[in-house]
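# Overview (structure and organization)
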Amino acid sequence: MQDQLKSMEAEALARLDAVQDLAALEDWRTEYLGRRGRLAQIMRGLGALPAEERPAVGQVANQVKARLEAAYEERRVALEEEAKARAFRAEAVDVTLPGRPPALGRLHIATQNLREISSIFAQMGFEVYETPEVETDEMNFQLLNIPPHHPARDMWSTFYTDREGVVLRTHTSPGQIRLMRERYPAEIRAILPGKIYRYEQVSARYEYQLHQVEGLAVGRNIHMSDLKGVLVAFAQQMFQGTRRWRFRGSYFPFTEPSFEMDIECVLCGGGGCRVCKYSGWVEILGAGMVHPVVLQNGGYDPAAYSGFAFGMGNERIAMLKYAIDDIRYFFANDPRFLAQFG
Ligand code: DAH
């Protein structure tokens, strides 16, 4: 039996040398040292030996067991070290490499421009007031002195909805009525920024969606000179005094008198291009003294109150400021365009 133990030990140690990974090592352990392993099998024969031989054989068996266990342990540690070293080599990280910067978003140029406009007017004491993009025909037109079927409706290409009397607002002007009705009889100095919709053929100059910033001041003794002063101060700040401007008489149903403000076209330097329709000037806003009918619709008595209003095109202004020659860039969502701002 001692010989059996010795030869089993020799075989086990030889096999152990050939073990190359932890899974094979575990198989080896089960085979030789497991509860039903080779060592246990041999030991089961111990009871059949004469009593006086048992202690010596038992001692040898224990020694073999201890040696196999030690050899197993040694192999296990070596294999684990090796596996770890291999993993370190395979997954090596060069901590000195610079990290990859995450792609940060930024505010859209249209939003940046809206905020810049708002902050200029904030300095002049105008609050920001927002009103709905889906409007009633009454607010968008009728209360602004544009009755149904009035030819002035042709000034706005309108998205009607399948709900009778509901439109996508064609301008921010209906907010004037909402604001006046909410604030009467207080004085008003406010701008109303927001998105508007036009049923337009899209081109370099026209989009079917854009942003406007409406302005409204209502109070006592408000004059045309106040309006002009505010608009000139705005243009000077927005364009840092680098662009010429002009006022041109115009017509809007909700103001009387009415005019438009043009800014010198930067894209062609005044020589004429598709953005300025070959005129050298780009219209940025309409303005005027609030029409008495509109004041009245807002709840203010035109005999006691007066007011001025304006409505400017946000994207137009950004085009002039940054020399962008096609309004379609604003909604095309091309990162090559958007990443240039901010
Ligand atoms: N709502 C006009 C438009 O979209 C712009 C405008 C003109 C607004 C004159 C005004 C104004 O407040 O007084 O074409």
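To keep things clear, this report deals only with the structure shown in the data block. None of the values given here were measured: they were computed from a predicted structure.

## Section: helix 2 (residues 22–33)
Over its 12 residues, helix 2 runs 15 Å from end to end, which matches the ideal 16 Å to within 8%, given 1.5 Å per residue. Listed in full, the buried residues belonging to helix 2 are Leu25, Trp28, Tyr32 and Leu33. Angular distribution of buried residues about the axis of helix 2 spans 85°; they occupy a single face of the element. Summarising the geometry of helix 2, the exposed residues directed more than 90 degrees from the buried face are Ala23 and Asp27. Each element contacted by the buried residues of helix 2 is listed here: helix 1 (2–18), helix 3 (38–44) and helix 4 (54–90). Taking the backbone nitrogen of alanine 23 as reference, a side-chain oxygen 3.1 Å away marks aspartate 21 as the first, capping residue of helix 2.

## Concerning the packing of aromatic side chains
In the structure shown here, the tally under the stated rule is 19 aromatic pairs. Consider the rings of tyrosine 329 and phenylalanine 337, whose centres lie 5.1 Å apart with planes at 15°: the pair is stacked. Aromatic ring contacts, followed pair by pair, group Phe121, Phe126, Phe234, Phe308 and Phe310 into a single cluster. Taking NZ or CZ as reference, arginine 220 lies 4.6 Å from the ring centre of tyrosine 305, over its face.

## Section: the sheet that holds strand 9 (residues 306–313)
The sheet built from 7 strands is open, its strands ordered 1-4-5-9-8-7-6 with mixed pairing. The sheet is open, and its two borders are formed by strand 1 (127–128) and strand 6 (245–252), each paired with just one other strand. Where strand 4 (residues 188–197) lies against strand 5 (residues 209–219), 10 bridges are found, and the strand directions are antiparallel. Note on strand 5: the bridge partner recorded for leucine 192 is glutamate 214. Against the sheet, helix 5 (residues 109–123) makes contact with strand 1, strand 4, strand 5 and strand 9, and its axis sits at roughly 10° relative to strand 5, the strand it touches most.

## What to know about unusual backbone geometry
Cis geometry is adopted by the peptide bond preceding proline 185, which originates at tyrosine 184 and carries an omega value of 5°. Tracing the backbone shows proline 185 in the loop between helix 7 (174–183) and strand 4. Residue proline 257 is reached from glutamate 256 by a cis peptide bond, and omega for that bond is -5°. Tracing the sequence through the fold places proline 257 in strand 7 (residues 255–264). Positioned with a positive phi, glutamine 240 is a non-glycine residue whose angle comes to about 50°. You can see glutamine 240 is positioned in the loop between helix 8 (224–238) and strand 6. Of note, the phi angle at alanine 323 is positive, near 55°, even though the residue is not glycine. Examined against the element boundaries, alanine 323 turns out to sit in the loop between helix 10 (314–322) and helix 11 (329–332). The exposure class of alanine 323 is partly exposed, given its relative accessible area of 45%.

## Focus on the site of the ligand
In the neighbourhood of the ligand, 16 residues make up the surrounding shell, with His171, Ser173, Arg198, Glu214 and Thr255 lying closest. Here an oxygen atom of the ligand and a side-chain polar atom of glutamine 176 are 3.1 Å apart. At 3.0 Å from an oxygen atom of the ligand is found a side-chain nitrogen or oxygen belonging to arginine 198. Among the secondary structure elements, those contributing two or more residues to the shell around the ligand are strand 5, strand 8 (281–290) and strand 9. Counted by class, the shell around the ligand contains 6 nonpolar, 8 polar and 2 charged residues.

## Things to note about the pattern of salt bridges
Any two side chains of opposite charge can pair if their charged atoms end up close together. A complete count under the given rule lists 23 salt bridges for this structure. Measuring nitrogen to oxygen at the nearest pair gives 3.2 Å for the salt bridge that ties glutamate 26 to arginine 29. In this pair, glutamate 26 and arginine 29 are both assigned in helix 2, 3 residues apart and thus about one turn of the helix distant. Accessibility expressed as a relative area gives 35% for glutamate 26, which makes it partly exposed. Between glutamate 182 and arginine 183 there is a salt bridge, with the nearest N and O atoms lying 3.3 Å from each other.

## Focus on the side chain of threonine 172
Position of threonine 172 among the secondary structure elements: in the loop between strand 3 (166–168) and helix 7. A polar side-chain atom of threonine 172 sits 2.8 Å from a polar atom in the side chain of glutamate 214. Ignoring anything within four residues of it in the chain, the contact list for threonine 172 reads Leu192, Gly194, Ile196, Gln212, Val213 and Glu214.

## Details of helix 1
Counted at 1.5 Å a residue, the expected span for helix 1 with its 17 residues is 24 Å, and the 25 Å between its end C-alpha atoms agrees. Within helix 1 the residues assigned to the buried category are Leu5, Met8, Glu9, Ala12 and Leu16. The arc that holds the buried residues of helix 1, viewed along the axis, is 105°, so those residues lie on one side. Residues Asp3, Ala14, Asp17 and Ala18 are exposed on helix 1 and point more than 90 degrees away from its buried face. Tucked into the core, helix 1 has its buried residues touching helix 2, helix 3 and helix 4.

Cut-offs applied
- Residues numbered from 1 in each chain as written.
- Predicted model: local features only at pLDDT ≥ 70, side-chain atom pairs only at ≥ 80, totals over all residues.
- Heavy atoms only, no water.
- Helix = DSSP H or I, 4+ residues; strand = E, 2+ residues; numbered from the N terminus.
- Expected span 1.5 Å × (residues − 1).
- Buried < 20%, exposed > 50% of the residue type's maximum accessible area, 1.4 Å probe, protein only.
- Arc of directions from axis to C-beta.
- Contact = heavy atoms within 4.5 Å.
- Polar contact = N/O pair within 3.5 Å; in protein donor to acceptor, adjacent residues only side chain to side chain.
- Phe/Tyr/Trp six-rings, centres within 6.5 Å; stacked < 30°, edge-to-face > 60°.
- Lys NZ or Arg CZ within 6 Å of the ring centre and 35° of its normal.
- Pairing = 2+ DSSP bridges.
- Axes fitted to C-alpha atoms, helices over the stretch in contact; angles between N-to-C directions.
- Near = heavy atom within 4 Å.
- Nonpolar A, V, L, I, M, F, W, Y, C, P; charged D, E, K, R; others polar.
- Salt bridge = Lys/Arg side-chain N within 4 Å of Asp/Glu carboxyl O.

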